[in-house]
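Below are the chains, spelled out letter by letter.
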Amino acid sequence: MNIYSKKLILYLGSAILAISFLFLFLVLPKFEVKIKDELVNNISYAYKGFIKNINKDFIQQHKISSLNDLKKIKNRLALAHHLSLMKNDNIEYIFAVYKEDNIYKILIDVSDTDKSNFDEIFFPTEKEEKALDRIYKTKREAIIFHEAGETKKIGITLLEPLIINNKVQAVVFVDFTVQTLLTINKLINMLKLFLIFVISFISALIIFTIYTTLKVFYFKKKAYMDELTGVYNRNYLEEVLPEINLQKYVVALFDIDYFKKINDTYGHKAGDEILKKFAKILKNSFREDEDVIVRYGGEEFLVLIKKDRRNSLSVLNAVKRAVDRIRKAMFPYGKEVLRLTTSVGVLLDTEKEKSLSEAIKKADVALYKAKLAGRNRIEIYEEENVYLSITKINNLIEKGNILCHYQPVVDLNNSRKVLYFEALVRLKDDDGTIIYPNSFLELIKNTYLYAKLSKKVLEYNVDILRKYKNIKVSVNLSPSDLINETLIKDAISLEEHIVKRLKFEILETEEIKNYDKVLDNLKRLKEKGFQISIDDFGSGYSNFKYLLNLDIDFIKIDANLIKNINESKKSQELVKAIVLFAKNNSISTIAEFIENEKILETVKKLGVEYGQGYYFSKPKTIEEILEEKKWDI
Amino acid sequence: MKKTIIIILNVALFISISMAIDKSKLYEIKIISYIVSSTIGQNKKVCLYNFSNSEVDIYRKFSNLKIVDNCKNADIIIVKDLENAKTFNKPAFAIGYFTFLNCINCIGGFYWKKGRPQIILIKERLNTFHIKPASKLEKFVIPENFVNR
């Protein structure tokens, strides 16, 4: 636990102890008096009853009607007899006094020691004097606790009035020994000790509970914090954030531009320093108590911004402010000073979202757009493609509502002769509607669903190849599929007759992070006997690496070069160069997007061997294609 | 340094003596010194008659009386356990009931009865010595004939 938590516990503990002792200090004396009174009442109960009987029976029996009657020797002797009956070891003195000329005098004394004579002057203690005044007024008994030193041998005195004709004529003193008081005090001290123990125990228990709670809270908090950046981590995202009311937040996903390059150039330590400072800027740009910042991935930060700002523009201003701060900030590392930019994807309209993961996915789509558009920008998610929900895609994949449409790749010199059919994935909605990949592929990219879909597509096509023994099929693989060991193993374990008729088209749709692994697995596939085709060749630079490192069978020239080939001399030159390069390296070329005869003629003239496009056939189910019976398979 | 040691020793002695003397004895001395100073006046010379040396020391330490050794020079004598102190021909104050009864010069007395401190001041004897006690003590002033012999 950190120093602040320890201090907090110390303060809380001290406060609880202070409250406990204040409670003891205020309550204990009252408790003590109450218990003492109760104990003395119990002890003196019998004596009170005895003297009440004297008042009731003795006075009537001896027809005593005044103090003078009471003073008569025979009555005093009779009274002495009655009082003597009360004597026991707890009693030190028993005597009665009467008041004459404001001086108290002995009426009768039945004590065994220090006996006084009738009419002897008696000075009560100050406390007793006050009690006697009260008794003469109220006719009610009193109990006096004597202070140590102010009296000798006596601890408690019970004062009971003798009432004749409704008037107090004398007062009986029953002096209990000091020992009785000591016994009572001992009992009270034991109770006090017990009470102090109980309260101390309860206080300790409360302090321990607070300590444990804080400790649990601290460790729980630690489990939810990213140690490097001090913002929340994915544990928090997975365990706590699903509970939040998503509608109250705007979801923004920040990604540090070209972070991988920084890591590669300056090392991980520099990367860590940048992440720390980046997180600090984010923390300073948003409200600590209301907005939530999570380190979502390596260099990705998720920010949930509370919507209570006046409008969405002010939320965007907050995001923009953060982006500007990052842009202006200097990130010193060693002697270098680095500058950064960030791309942000924002989902403003969270009301429609069923879950946080779907909202994040949409923010991710917007982030992807921001990256595609050149980075260092904020993109807001818009429902332009009527995307499906992740949950729905998952359900359809789980249910196996997957099918492929096939488009033939034909020999340009004999357009009925099919090289192979390219499998194009579709999802089938529960009502039978076909869902095209532009509605779902972008959403599930880089998720486990994509891997799941790729596996299902491979299985689907293997089934097709088993069913239709004379056709050849190509399946598209993304770089993420090529690092998916399960998928690669599934492919490698296929029988030879399938391997011979199954080709893989490698897409260049993602930034490849693990080239070595991709190349390694492609080599394994090649070794197994699969033919490999590079899709969209010319759209990016990464697939040149495949050319350099692998024996590629086909190059599929990118549609962007083909569709305007008749209008663009440069496109023609480029296609010509690709064809020349391919021929020199024994690689066959395929032109995509052949939509009309004019394009067909041009690509043929440029030496392209194979072609694919609407001019030959739209993608159809394999059954529809075979029913046409026009293809030389 | 020497002074400090003496002060510490005195304090230690005072504390140990206080602890040794029982509480009722201290209470008694407090009452007696109050009565004596309130009847004959402050800073009068007081002689303790028939007291042991240790008792005198206690009075010196715990009372506000100006204790003198020679009773002839004293303004009042506090008499203990003595049947007749009339020879002094000056006011006296008795400790103990019988001392009080037998000492005709005693203006009053202090004794314990039934565990309680008792104070008696005799009106006639106070008059003889022209002593007027403080108002707080008036309730203890009784006529000679009230005394039960």
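Residues numbered from 1 in each chain as written. Chains lettered and ligands numbered in written order. Predicted model: local features only at pLDDT ≥ 70, side-chain atom pairs only at ≥ 80, totals over all residues.

We now examine the overall build of chain B. The helix and strand tally for chain B stands at five helices and seven strands. For chain B, the N- to C-terminal ordering of α and β elements is α-α-β-α-β-β-β-α-β-β-α-β. Summarising the internal contacts of chain B: among those between residues at least 6 apart in sequence, 39% fall at separations of at least 24. (Helix = DSSP H or I, 4+ residues; strand = E, 2+ residues; numbered from the N terminus. Contact = placed C-beta atoms within 7 Å.)

To continue, consider the interface of chain A and chain B. When the parts come together, some accessible area is lost, and that loss is often what is quoted as the size of the interface. Listed as interface residues are 23 residues of chain A and, on the opposing side, 16 residues of chain B. The element that contributes the greatest number of residues to the side of chain A that touches chain B is strand S1 (residues 91-100) of chain A, accounting for three residues. Considered class by class, the residues forming the side of chain A that touches chain B number nine nonpolar, six polar and eight charged. (Nonpolar A, V, L, I, M, F, W, Y, C, P; charged D, E, K, R; others polar.)

Another point: the sheet that holds strand S4 (residues 154-164) of chain A. Residues and elements named next belong to chain A. One open sheet accounts for five strands, arranged S2-S1-S5-S4-S3; its pairing is antiparallel. Unpaired on one side and paired on the other, strand S2 (103-109) and strand S3 (142-145) mark the two borders of the sheet. Strand-to-strand twist in this sheet, taken as the mean axis angle between neighbours without regard to direction, amounts to 30°. The strands touched by helix H3 (residues 73-84) are S1, S2 and strand S5 (167-177); relative to S2, the strand with the most contacts, the crossing angle is about 75°. Along the sheet face, helix H5 (residues 178-223) touches S3, S4 and S5 and points at about 110° away from the line of S4. (Pairing = 2+ DSSP bridges. Axes fitted to C-alpha atoms, helices over the stretch in contact; angles between N-to-C directions.)

Quick look at the pairing of strand S3 (residues 76-80) of chain B now. Residues and elements named next belong to chain B. Extensive coverage of S3 is indicated by the burial of four of its five residues. As paired elements, strand S1 (residues 45-49) and S3 share four bridges and run parallel to each other. By the bridge assignment, Leu48 is partnered in S3 with Ile78. Across four bridges, S3 lies against strand S4 (residues 92-95) in parallel orientation. From the neighbouring strand, Ile78 faces S4, where its bridge partner is Phe93. (Buried ≥ 20, exposed ≤ 12 C-beta atoms within 10 Å, placed from the backbone.)

Quick look at the sheet that holds strand S6 (residues 249-256) of chain A now. Residues and elements named next belong to chain A. Strand order in the open sheet formed by five strands is S7-S8-S6-S11-S12, with mixed pairing between adjacent strands. In this open sheet, the two strands that pair with only one neighbour each are strand S7 (292-295) and strand S12 (378-380). Each neighbouring strand pair of the sheet contributes to a mean axis angle of 20°, computed without reference to strand direction. Pairing between strand S11 (residues 342-347) and S12: three bridges, direction parallel. In the strand pairing of S12, Gly345 is matched with Glu379. Across the sheet, helix H8 (residues 268-285) is in contact with S6, S7 and strand S8 (300-306); its angle to S8 comes to roughly 5°.

Residue and element names in this part refer to chain A. One finds Ala252, Val303, Val346, Ala363, Ile555, Ile557 and Val603 to be the most contacted residues of the largest nonpolar core, which totals 112 residues. In terms of residue count, helix H10 (residues 356-372) provides more of this core than any other element does, eight residues in total. Residue contributions to this core reach at least three from each of two domains, namely domain 2 (234-380) and domain 3 (390-628). Setting aside its immediate chain neighbours within four residues, Ile557 contacts Phe537, Gly538, Ile562, Val575, Ile578, Thr589, Ile590, Ala591, Glu592 and Val608. One finds Ile51, Leu79, Ile94 and Val110 within the second-largest nonpolar core, a separate group that totals 35 residues. (Core = buried A, V, L, I, M, F, W, Y, C linked by C-beta atoms within 7 Å. Domains from an automatic or database assignment.)

Moving on to unusual backbone geometry. Within the chain, Arg375(A) stands out as a residue other than glycine whose phi angle is a positive 65°. Looking at the secondary structure, you find Arg375(A) in the loop between H10 and S12. According to the C-beta neighbour criterion, Arg375(A) is partly exposed, with 14 such atoms within 10 Å. You will see that His130(B), though not glycine, has its phi angle at about 55°, which is positive. For His130(B), the location among the structural elements is in the loop between helix H5 (123-128) and strand S7 (141-142).

Glancing now at the confidence of the model for chain B. All names here are of chain B. On average, residues of chain B score 83 in pLDDT, and 80% of them reach the 70 mark or higher. Mean pLDDT across the elements of chain B bottoms out in helix H1 (residues 2-20) (57) and peaks in strand S6 (residues 116-122) (94). Reported for the predicted complex are a pTM of 0.47 and an ipTM of 0.81. (pLDDT = per-residue confidence, 0-100.)

To continue, consider the confidence of the model for chain A. On average, chain A scores 87 in pLDDT, and the residues at 70 or more come to 95%. Confidence scores differ between elements of chain A, with helix H18 (residues 543-549) of chain A showing the lowest mean pLDDT of 73 and strand S21 (residues 610-611) of chain A the highest of 96.

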